[in-house]
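Close look at the chain arrangement
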Amino acid sequence: MAAANVNDRHPWRLLVLAACALLLAGCRQAPALSGGMFSAGGKYFAYVYVVRWIHSYQRTGGRTVSTGTFRPYLQVIDTDSGHKLLERPLRPDCSYPRIGDVNESYVLVTCMAAGRDTRDRPAPFVFDLATGKVRVDSGTVAERNPGGLLGGADSTFRDPAAPEALIVEGKDGRNYRLDPSSGVATVTSGELVRLQSGISGFHQACHLPAGLHESGGTRRHIERDKALRSQDDFLDPRFLCVDSGQRDSLAVATDIDGGLLVLSRTSTQDAQDKLLTLLDRTTLKTRWSAPLPQPRGDWAGRFDSEKFARRGRRVLVANASRLLDIDLASGRILRDTALVD
């Protein structure tokens, strides 16, 4: 009874112990998406997210400055099932990992060093989807390509004629195909498409088809020769390419059964709430319009990170926090998977 009475009289001791535990471990922030990419056929979505741990706060000049550490993680989703392939996400052995490419078998991850010294950046590594393990690591790639040829390789490409190829740009400006088994890189050429995986805005926005153009002010209509105008108007509309290979500066929005996909905002204040609309190319009537759930972005509040892929009769959308599987016929969201928890 005496011990129980002591604890009852001093509940602050439990609070002190809990506070000490938090200080030792650091304060965990909500995970944030760093970047991701669909495979050419939309079968997989590979992405990197970051967990930030805050260790201390300091008031400086009327503002609060925090210090802490960043821990990146790699995860892959099978878009047909919506299941995450890795029970325990992989923690890459480099400070700033980025998805370089993903195909039906492998994920290519490029790396940056933690410091500002750019002379000794890590080479990329290859993750094997079948085994859930790293197939060839950065050290092996560096060893089998002397001279730091692929160290810090940041530009990656996809060959529309061979989407299974993993292609990176070397320090010498040449493009190299990386063998996922040996880690050996050989010079390659051809009509290649540059890939982007980071949070870089509407990089899949393309041009309107011939004969169509925008009109209006803040809200925009789509018109054909001023004789026909879309029944709906759009705030900051973007016309989407969702098929592999359509990424050059003259690319026209993907034809979806005689329609085109329009991504637009719902507010001038931020980019969190978006609409995806399927617009008929001939009549300019809206076939369907679907709000895209996006409850959380990164620490800077950036939400313009949408990636798209078409898989059969579905369009896949990955944004700042969700992977959405949408029926192309109706616009109905078939599956909504959280990218970060």
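Figured I'd write up the structure that's included with this text.

Conventions used here
- Residues numbered from 1 in each chain as written.
- Predicted model: local features only at pLDDT ≥ 70, side-chain atom pairs only at ≥ 80, totals over all residues.
- Heavy atoms only, no water.
- Helix = DSSP H or I, 4+ residues; strand = E, 2+ residues; numbered from the N terminus.
- Buried < 20%, exposed > 50% of the residue type's maximum accessible area, 1.4 Å probe, protein only.
- Areas by Shrake-Rupley, 256 points an atom, 1.4 Å probe, with all protein chains shown as cover.
- Salt bridge = Lys/Arg side-chain N within 4 Å of Asp/Glu carboxyl O.
- Pairing = 2+ DSSP bridges.
- Disulfide = S-S within 2.5 Å.
- Phe/Tyr/Trp six-rings, centres within 6.5 Å; stacked < 30°, edge-to-face > 60°.
- Contact = heavy atoms within 4.5 Å.
- Core = buried A, V, L, I, M, F, W, Y, C linked by side-chain atoms within 4.5 Å.
- 1 Å grid on protein atoms, 1.4 Å probe; cavity = no way out; pocket = protein on both sides within 12 Å on 5 of 7 lines; lining within 4 Å.
- Points joined across faces, edges and corners; volume = space filled by probe spheres on them.
- Nonpolar A, V, L, I, M, F, W, Y, C, P; charged D, E, K, R; others polar.
- Polar contact = N/O pair within 3.5 Å; in protein donor to acceptor, adjacent residues only side chain to side chain.

1. Points about the overall build of the protein
Of the regular secondary structure elements, the protein holds 3 helices and 26 strands. Scored against the burial criterion, the 341 residues of the protein give a buried share of 46%. Accessible surface computed for the protein: about 17300 Å², of which carbon and sulfur atoms make up 50%.

2. Re the pattern of salt bridges
This structure, assessed with the given rule, holds 22 salt bridges. The partner of Lys-43 in a salt bridge is Asp-78, and the shortest N-O contact between them spans 3.0 Å. Of the two residues, Lys-43 sits in the loop between β2 (32-38) and β3 (44-60) while Asp-78 sits in strand β4 (residues 63-78), which places them 35 residues apart along the sequence. In terms of burial, Lys-43 and Asp-78 fall into one category: buried. Arg-322 serves as the salt-bridge partner of Asp-336, at 2.8 Å between the closest nitrogen and oxygen.

3. Side note on the pairing of strand β11 (residues 162-169)
Where strand β10 (residues 156-159) lies against β11, 3 bridges are found, and the strand directions are antiparallel. By the bridge assignment, Phe-157 is partnered in β11 with Ile-167. The turn joining β10 and β11, which pair antiparallel and follow one another in sequence, is formed by 2 residues. Where β11 folds back onto strand β12 (residues 175-178) in an antiparallel hairpin, the turn is made up of 5 residues, including Gly-173, whose phi is positive at roughly 85°.

4. Let's talk about the state of the cysteines
Across all of its chains, the model carries 2 disulfides by this definition. Two residues, Cys-94 and Cys-111, share a disulfide whose sulfurs are 2.2 Å apart. In this structure the cystine formed by Cys-94 and Cys-111 twists about its S-S bond by roughly -60°; its chirality is therefore left-handed. Of this pair, Cys-94 sits in the loop between β5 (83-84) and β6 (98-102) while Cys-111 sits in the loop between β7 (106-110) and β8 (125-128); the two residues are 17 residues apart in sequence, bridging distant segments of the chain. Pair check on accessibility: Cys-94 and Cys-111 agree, each one buried. Each sulfur in the disulfide pair Cys-206 and Cys-241 lies 1.9 Å from the other. Of note, the bridge from Cys-206 to Cys-241 carries an S-S torsion of about -130° and is left-handed in sense. You can see Cys-206 sitting in strand β15 (residues 205-206) and its partner Cys-241 sitting in the loop between β19 (234-240) and β20 (259-265), a full 35 residues away along the chain.

5. Digging into the packing of aromatic side chains
Under the counting rule described, the total for this entry stands at 4 aromatic pairs. A centroid spacing of 5.6 Å and a plane angle of 25° characterise the contact between Tyr-49 and Tyr-73, whose relative ring orientation is stacked. Here Tyr-73 lies in strand β4 and Tyr-49 lies in strand β3, a separation of 24 residues in the sequence. Of the two residues, Tyr-49 and Tyr-73, neither departs from the other in class, the shared state being buried.

6. Digging into the environment of Thr-218
Mapped onto the elements of the fold, Thr-218 is located in the loop between β16 (212-216) and β17 (219-224). Residues Thr-218 and Thr-268, spaced 50 residues apart in sequence, show a C-alpha to C-alpha distance of 8.8 Å. If we skip the residues at most four places from it in the chain, Thr-218 touches Phe-234, Leu-235, Asp-236 and Thr-268.

7. Points about the nonpolar core
In this structure, Leu-74, Ile-99 and Val-107 are the most contacted members of the largest nonpolar core, which totals 17 residues. Secondary-structure elements contributing two or more residues to this core are β3, β4, β6, β7 and β8. Among all residues touching Ile-99, those that are not within four sequence positions of it are Gly-35, Gly-36, Met-37, Ala-46, Tyr-47, Val-48, Leu-74, Val-107, Leu-108 and Ser-197. In terms of nonpolar packing, the next biggest core, distinct from the first, is built from 16 residues, Leu-261, Leu-278, Phe-308 and Leu-324 among them.

8. Structural notes on empty space enclosed by the protein
According to the stated counting rule, one finds 1 cavity of 30 Å³ or more in the structure shown. The computed volume of the largest cavity comes to approximately 30 Å³. Taken together, Thr-79, Gly-82, Leu-316, Leu-323, Leu-324, Asp-325, Arg-335 and Thr-337 make up the full set of residues lining the largest cavity. Of all the elements in the fold, those that place two or more residues in the lining of the largest cavity are β25 (322-327) and β26 (333-338). The dominant element in the lining of the largest cavity, judged by the number of residues it contributes, is β25, at 3 residues. The residue makeup of the lining of the largest cavity, split by class, is 3 nonpolar, 3 polar and 2 charged.

9. Some words on the sheet that holds β10
Taking strand neighbours across the sheet as the criterion, the 5 strands line up as β13-β12-β11-β10-β14 in an open arrangement whose pairing is antiparallel. Two strands bound the open sheet, and with one partner strand each, they are β13 (185-187) and β14 (193-194). With 3 bridges joining them, β11 and β12 adopt antiparallel strand pairing. Residue pairing in the sheet places Glu-169 in a bridge with Asn-175 of β12.

10. As for the side chain of Gln-75
Looking at where Gln-75 falls in the secondary structure, it is placed in strand β4. Looking at Gln-75, the relative accessible area reads 3%, which means it is buried. A distance of 3.0 Å separates a polar atom in the side chain of Gln-75 from the backbone oxygen of Leu-86.

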